Structures are given as structure tokens and as C-alpha cells.
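# Inside the fold
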Amino acid sequence: MVRATRVSGGDIHDAYGCTLADGTKVFVKTNPRPSEGMFDAEARGLKWLADASALRVPRVLAATERLLALEWVEPQRGSALADERLGRGLAALHAVVPPGFGLDHDNFIATLPQPNLHRTDQVGGWAGFYRTHRIQPMIDRAGMLLGAKLRARLDRLLDRLPALFSDEEPPARLHGDLWGGNRMTAANDEPVVFDPAVYGGHREMDLAMMKLFGGFSARVFDAYDEVAPPRAGRAGRVAICQLYPLLVHVNLFGAGYVGQVERVVEAYE
């Protein structure tokens, strides 16, 4: 390596643009005390997305316990065409149906463990998986940050999940953490996604996450719907799909997000 320059790379890891002896530039993120297997899980997730041949993801160059090296993608200012391609590409990604809900290994969302019991029998469908392997672990981890009354209300809401989600929706290949900071535009209006928390799940999870913190134009969602039309009642499921990332934020950043969790619960009471 000839030169390393710190670059923007999120709140969890240190990120660098590194120039190698042959002039090649690579992106490297490091952490002196990462959770065991974190970078390997991210590398596997990037490959899982790349295998769908639907959206560009950075090519993995190396993964060790303390660092992940990826090809350098030079960011560009995107146009409406980039938004359209992102929407259509996401629909194509979701259409590459995995064997079941979950994944064949556990991984992480940010620094938090994400359990992925691999299910090919679909027992309990998405509602069962969402409750057992997404929402309940985050409620248990949050403990009294949520308070006893809110936890009881969440339990009642979870009982309603089978009525909110249809068993007709097959599992989709999800990015899993698709907020505005985990996408960029490369040359020629090519969308690029990264920092995934992949698994097989309900396709509305990615769409709801994209709406939670903004950063995506209406054209992205319109282009998605042109390829993969929504099922009836999708608008009424946005909040319940956002419950998981909100609980993740409670566990990562504290009680400041509890109010948003309460508002989700109120929407279904």
C-alpha cells in the first residue's frame, strides 16, 4: 500500500481509500474490536447479492477478522435514470427467490446479531419468521428501554402479524439495510448498493426501510412497482415493516427511538 486516506464510512468502522503500489485504489474498512465473523458475514452478503445479477455491489477483495477490502467505486451525481435503474434493479433482486425465509448462516445488522434460521418448509410463513427471528430478539435485547407497558402492547401487535401478511408472498432476496447511506451512483447512472444485512424475507421490508429515513425519490418506487406491482394493502404494512429497523435503532442508539416504536404500535391498535 502506498497511501491511505480516511473517507466517509458510517459510524461503526474506520474507512479508508487506499492506493496500492500498482496504482489500484481500493476501499478498506477496519475495526480493532469487531464482533467475531462480522466482516466475513458482510463479504458473504455482498456475494449473495451479486449472485442475483440484479444490482451492482462492490467486489470483495479480502475479508479478515479486522478488515474488509472492496473495489473502489467512484461516486457520481445520479440522474432520474439512476433512480429508475435502482427501482427496477431492486425488483429484479427480489425476484431471485431464495430457498426460504432466513439464510443458511447468521449475520449482523450494524453491530447487532441477526439470527437467520434457514427455513425451506415455510412453517409459519413470513409472519412467524418476522416475529421469532426479527422482532422478538430485538425486544428481548432492548429490555426495559421499552418499558413493561410497551412490551405488552408489542406482544399484542405481534399476535396480529398473520392477519397483516399474506402467505401468498414468496420470500425475496433482501438487501436488509437499504437506507440512503447504503446506496450510491457510479458512472453512467449505475446504481450501487453495499453494507447489506441480507436474508430471505418479505420484499416490503426493503421498501419500508427505504421510506423510513428518506433519501430515495418517488421515481425509485414507481420504477419498482412497474416491474413488481404491489399486493393489496401494502400501504398499511409500511409501519409494521419499519418496526424492525426502529427496534434496531433503539438497541444501537438508545431510548430516543422508543417514541417511533410507540407510534407504530398505535397505528395498529
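This section reports on the structure supplied with the text. (Residues numbered from 1 in each chain as written. Predicted model: local features only at pLDDT ≥ 70, side-chain atom pairs only at ≥ 80, totals over all residues. Heavy atoms only, no water.)

### Let's talk about the overall build of the protein chain
We apply this condition: Working definition: helices are DSSP H or I runs of at least four residues, strands are E runs of at least two. Numbering for both runs from the N terminus. For the radius of gyration, the atoms used are the C-alpha atoms, and the globule rule reads 2.2 Å times the number of residues raised to 0.38. Burial classes follow relative accessibility: with a 1.4 Å probe on protein chains only, a residue under 20% of its type's maximum area counts as buried, one over 50% as exposed, and anything between as partly exposed. The Shrake-Rupley method, run with a 1.4 Å probe, gives the accessible areas here. Residue values count only the displayed protein chains as cover. This count recognises Lys and Arg as positive and Asp and Glu as negative, with His and chain-terminal groups excluded. In this description, the location of a charge corresponds to atom NZ of lysine, CZ of arginine, CG of aspartate or CD of glutamate.
Tallying secondary structure elements over the protein chain gives nine helices and 11 strands in all. Relative to the globule expectation of 18 Å for 269 residues, the C-alpha radius of gyration of the protein chain, 19 Å, shows essentially globular dimensions. Principal axes of the C-alpha set define a box for the protein chain whose edges measure 60 × 40 × 35 Å. Counting the 269 residues in the protein chain, one finds 50% classified as buried. Accessible surface computed for the protein chain: about 12,500 Å², of which carbon and sulfur atoms make up 51%. Charge separation in the protein chain, taken as the distance between the mean sites of 31 positive and 33 negative side-chain charges, equals 2 Å.

### Focus on the pairing of strand 2 (residues 14–19)
Note the cut-off: We call two strands paired when DSSP finds no fewer than two bridges between them.
Sheet analysis places strand 1 (residues 3–6) next to strand 2, joined by four bridges and oriented antiparallel. Residue threonine 5 lies in a different strand from strand 2, and its bridge partner there is glycine 17. Inspection of the sheet shows strand 2 paired to strand 3 (residues 25–30) by six bridges, in the antiparallel sense. Among the inter-strand pairings, glycine 17 is bridged to a residue of strand 3, identified as phenylalanine 27. Once strand 2 ends, the chain turns through five residues before running back antiparallel as strand 3, passing glycine 23 with a positive phi of about 95°.

### Here we look at the nonpolar core
What counts is decided by this rule: Joining through side-chain atoms within 4.5 Å is the link that ties buried Ala, Val, Leu, Ile, Met, Phe, Trp, Tyr and Cys residues into a set, and such a set is a nonpolar core. Here a residue-residue contact requires only that any non-hydrogen atoms of the pair lie within 4.5 Å.
Core analysis: the biggest nonpolar cluster contains 40 residues, and Tyr130, Leu146, Ile240 and Leu243 have the highest contact counts within it. Within the residue set of this core, elements represented by two or more residues are helix 3 (125–142), helix 4 (148–159), helix 5 (161–164), strand 8 (172–174), helix 6 (204–212), helix 8 (238–253) and helix 9 (258–267). For leucine 243, the residues in contact, after removing those within four places along its chain, are Tyr130, Ile135, Leu154, Leu157, Val261 and Val264. Counting residues in each nonpolar core, the second largest holds 27 residues, with Leu86, Val198, Val220 and Phe221 among its members.

### Remarks on the environment of valine 227
With respect to the helices and strands, the residue valine 227 is situated in helix 7 (residues 218–227). Taking relative accessible area as the criterion, valine 227 reaches 40% and is therefore assigned partly exposed. When the C-alpha positions of valine 227 and tryptophan 72 are compared, they lie 30 Å apart, and in sequence the two are 155 residues distant. Those residues in contact with valine 227, other than ones at most four positions away along the chain, are Arg88 and Ala91.

### Concerning the packing of aromatic side chains
Applicable threshold: Centres within 6.5 Å make a pair out of two Phe, Tyr or Trp rings, where for Trp the six-membered ring is used; the pair is then stacked when the planes are under 30 degrees apart, edge-to-face when over 60, and tilted otherwise.
Evaluated as defined, the whole model comprises nine aromatic pairs. Judged by centre distance (5.0 Å) and plane angle (20°), the ring pair of tryptophan 126 and tyrosine 130 falls under stacked. Pair noted here: tryptophan 126 and tyrosine 130 are both in helix 3, with a separation of four residues, about one helical turn. When its relative accessible area of 3% is taken as the criterion, tryptophan 126 is described as buried. The exposure class of tyrosine 130 is buried, given its relative accessible area of 0%.

### Some thoughts on the side chain of glutamate 169
Short version of the rule: Under this definition, polar contacts are N or O atom pairs within 3.5 Å; protein pairs additionally need one hydrogen-donor-capable and one acceptor-capable atom, and for neighbouring residues in sequence, both atoms have to be side-chain atoms.
Considering the arrangement of structural elements, one finds glutamate 169 in the loop between helix 5 and strand 8. Residue classification places glutamate 169 among the buried residues on the basis of a relative accessible area of 8%. Engagement of the side chain of glutamate 169 in a polar contact is seen with the side chain of arginine 203, the distance being 2.6 Å. With residues near it in sequence (within four places) discarded, glutamate 169 still touches Phe101, His202, Arg203 and Arg231.

### Quick word on the pattern of salt bridges
The criterion, for reference: Here, a salt bridge means any Lys or Arg side-chain nitrogen found within 4 Å of an Asp or Glu carboxyl oxygen.
Counted under the stated rule, the structure contains 18 salt bridges. Here arginine 153 ties to glutamate 269 by a salt bridge, and the two come within 2.8 Å at their closest N and O atoms. Linking arginine 153 in helix 4 with glutamate 269 in the segment after helix 9, this pair joins segments that are 116 residues apart in sequence. Note on glutamate 269: relative accessible area 60%, which makes it exposed. In this structure, arginine 231 and glutamate 168 form a salt bridge, with 3.5 Å as the shortest nitrogen-oxygen distance. One end of the pair, arginine 231, is in the loop between helix 7 and helix 8; the other, glutamate 168, is in the loop between helix 5 and strand 8, with 63 residues separating them in the sequence. Of the residues examined, arginine 231 reaches a relative accessible area of 33% and is grouped as partly exposed. In this structure glutamate 168 comes out as exposed when scored by relative accessible area, which is 59%.

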